[in-house]
Amino acid sequence: MGEDTPVELTEDEAQLYDRQIRLWGVESQKSLRNANILIISMNGLGAEVAKNIILSGVKSVTFMDDVLTSEEERFSQFLIPFEKVGVNRAIASVERAKDLNPLVTVSALANNPSTLNADNIKNYDVVITMEQNVDTVIQLDSLCRDNKIKFFSADVFGMFGYFFADLQEHEYIMNVPTTVKNQGNVQTLKETRVEKFPSFKEAFEFDFSTDENSPLLHRMEPSYFVFRILMKFRNEHNRYPNDSDEDFEKLSQLRDAELKGICYSKSKISDDLLKICVGCPVSAVCAILGAMVAQEVIKAVSHRDHPNKNMFFFNALTNVGHVQCLSA
């Protein structure tokens, strides 16, 4: 959407975004200035994503949520004032979000994501969803693919986080250092590249039981399987796992079912790893994931630099982030 109607930066915008323009160029900032972003679910992670994207200088950000603010979220979602308990999370987040950058239009929809369709989703260039079950993520990604809209899904479970990116067929520009022949000096050349991304369904349902995919299985970081276990838990119970013995037993059973029929050591998905994934999303992990998602959205909208393809995991047990590429 944004690419079809380019706009020039005003003098105020050029001054406000001066540092960013020097970092990634005026054309990239123009692309950002023309982008309309939809963020689904204004939990703690949603607030972190929103903050970073609004500060980058996009055209508009729309919050969509049908959940009311709880007492707990007053302390984890910094865009919601203390007195807004019981108010829709999207609506409660707008006032403080606007203060972050008055040049960005911020609005809210008190809707369930099921209300999105081919007509209204065309209002956006990027859709980012949090806190949704597998079926909903697959449906939203499919809707975005049909309408050529860039899609991100992300979530934080306790101290474990992930994000998934579907940029479909994405063209971007890389600055490539090149040595000039017979001169010895290095110049930076701009090189256009294209990456093809799989759907969420393809990445989530990747089949490791086949002989063809067996070599990849042995190189897989355990975070991917933890992600599948947690998403399946959410699909069954429509919530985050808590720190009860009952929920830990359910996670253990899902782990056993996940590894059944494939040659992947159960010891790689230890009890300690599962235990960091229970409870409410930890604010520090939300901040890490929020920054990562916003960075990828900025790169996708500006068509600059290599995107992280196509999944990212943060494992607090090892304090390491890991990029995993999976396609059908």
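Residues numbered from 1 in each chain as written. Predicted model: local features only at pLDDT ≥ 70, side-chain atom pairs only at ≥ 80, totals over all residues. Heavy atoms only, no water.

Engineer: Mind showing me how you'd approach the sheet that holds strand β3 (residues 105-109) here?
Structural biologist: In any sheet, the strands associate via hydrogen bonds between backbone groups, in a parallel or an antiparallel arrangement. Pairing is mixed in the open sheet, where eight strands are placed in the order β3-β2-β1-β4-β5-β6-β9-β10. This sheet does not close on itself; its edge strands, each paired only once, are β3 and β10 (320-324). Strand-to-strand twist of the sheet, defined as the mean angle between neighbouring strand axes without regard to direction, takes the value 15 degrees. Of the pairings in the sheet, the one linking strand β1 (residues 36-40) to strand β2 (residues 60-64) comprises five bridges and is parallel in character. Looking at the pairing, L38 lines up with T62 of β2. (Pairing = 2+ DSSP bridges. Helix = DSSP H or I, 4+ residues; strand = E, 2+ residues; numbered from the N terminus. Axes fitted to C-alpha atoms, helices over the stretch in contact; angles between N-to-C directions.)

Engineer: I'm lost on the packing of helix α4 (residues 44-56) against helix α12 (residues 283-302) in this one. Help?
Structural biologist: Running from amino to carboxyl end, α4 crosses α12 at an angle of 40 degrees, the nearest separation of the two axes being 8 Å. Taken together, the axes of α4 and α12 lie oblique to each other. In this structure, the crossing between α4 and α12 has a hand that is right-handed. Along its contact with α4, which presents G44, L45, E48, V49, N52, I53 and S56, the element α12 presents C286, A287, L289, G290, A291, V293, A294, V297 and I298. For the contact of α4 with α12, the per-class residue count stands at 11 nonpolar, four polar and one charged. (Parallel < 35°, antiparallel > 145°, perpendicular 65-115°, else oblique. Left-handed = near helix turned anticlockwise from the far one by under 90°. Contact = heavy atoms within 4.5 Å. Nonpolar A, V, L, I, M, F, W, Y, C, P; charged D, E, K, R; others polar.)

Engineer: Help me understand the packing of aromatic side chains, please; the structure alone is not making it clear to me.
Structural biologist: If you walk through the whole model with that rule in mind, you get 16 aromatic pairs. Seen from their ring centres, F164 and F200 are 5.2 Å apart, and the 90 degrees between their planes marks the pair as edge-to-face. With F164 in strand β6 (residues 160-166) and F200 in helix α7 (residues 200-204), this pair connects stretches of sequence that are 36 residues apart. With respect to class, F164 is no different from F200; both count as buried. On the numbers, 5.4 Å between centres and 75 degrees between planes, the contact of Y224 with F225 is edge-to-face. Residue F225 is classed as buried on the basis of its relative accessible area, which comes to 0%. One aromatic cluster is present, built from ring pairs that chain together F160, Y162, F164, F200, F204, F206, F208, Y224, F225, F227, Y264 and F313. Taking the ring centre of F248 as reference, the NZ or CZ of K275 above it sits at 5.5 Å. Positioned over the ring face of F197 is K309, at 5.7 Å from the centre of the ring. (Phe/Tyr/Trp six-rings, centres within 6.5 Å; stacked < 30°, edge-to-face > 60°. Buried < 20%, exposed > 50% of the residue type's maximum accessible area, 1.4 Å probe, protein only. Lys NZ or Arg CZ within 6 Å of the ring centre and 35° of its normal.)

Engineer: Looking at this structure, how should I read the nonpolar core?
Structural biologist: If you look at soluble globular proteins, the nonpolar side chains tend to sit buried side by side. Judged by nonpolar contacts, the single largest core of 51 residues is most densely connected at F200, F208, Y224 and F227. Sequence-distant contacts of F200, defined by excluding residues within four places in its chain, comprise V134, V137, I138, D141, S153, Y162, F164, F227 and M231. (Core = buried A, V, L, I, M, F, W, Y, C linked by side-chain atoms within 4.5 Å.)

Engineer: Honestly, the pattern of salt bridges in this entry has me stumped. Any pointers?
Structural biologist: Side-chain pairing between opposite charges can occur once the charged atoms of the two side chains come close. This model, assessed by the stated rule, comprises 17 salt bridges. The shortest N-O distance in the salt bridge between E258 and R228 comes to 2.5 Å. Here R228 lies in helix α9 (residues 223-237) and E258 lies in helix α10 (residues 245-259), a separation of 30 residues in the sequence. Given a relative accessible area of 7%, E258 falls into the buried group. (Salt bridge = Lys/Arg side-chain N within 4 Å of Asp/Glu carboxyl O.)

Engineer: I keep staring at helix α5 (residues 89-100) and nothing clicks. Help me out?
Structural biologist: In an α-helix, one turn spans 3.6 residues, which is why side chains three or four residues apart end up on the same side. The terminal C-alpha atoms of α5 lie 17 Å apart, and with 12 residues this matches the ideal 16 Å at 1.5 Å per residue to within 8%. Looking only at α5, the buried set comprises R89, A90, A92, S93, V94 and A97. Contact partners of the buried residues in α5: α4, β2 and β3. (Expected span 1.5 Å × (residues − 1).)

Engineer: Which parts of the structure should I look at to understand the pairing of strand β5 (residues 150-157)?
Structural biologist: Along a regular strand, successive side chains alternate from one face of the sheet to the other. Most of β5 sits out of view: eight of its eight residues are buried. Relative to β5, strand β4 (residues 126-130) runs parallel, the two sharing five bridges. Along β5, the bridge assignment pairs M130 with A154. You can see the chain leave β4, run along helix α6 (residues 134-146) and come back into β5, and the turn it takes is right-handed. Of the strand pairs in this sheet, β5 and β6 are connected by seven bridges, and their pairing is antiparallel. Within β6, the residue paired with A154 across the bridge is F163. From the end of β5 to the start of β6, which pair antiparallel, there are two residues, and G158 there has a positive phi angle of about 65 degrees. (Right-handed = clockwise from strand over helix to strand, strands pointing away.)

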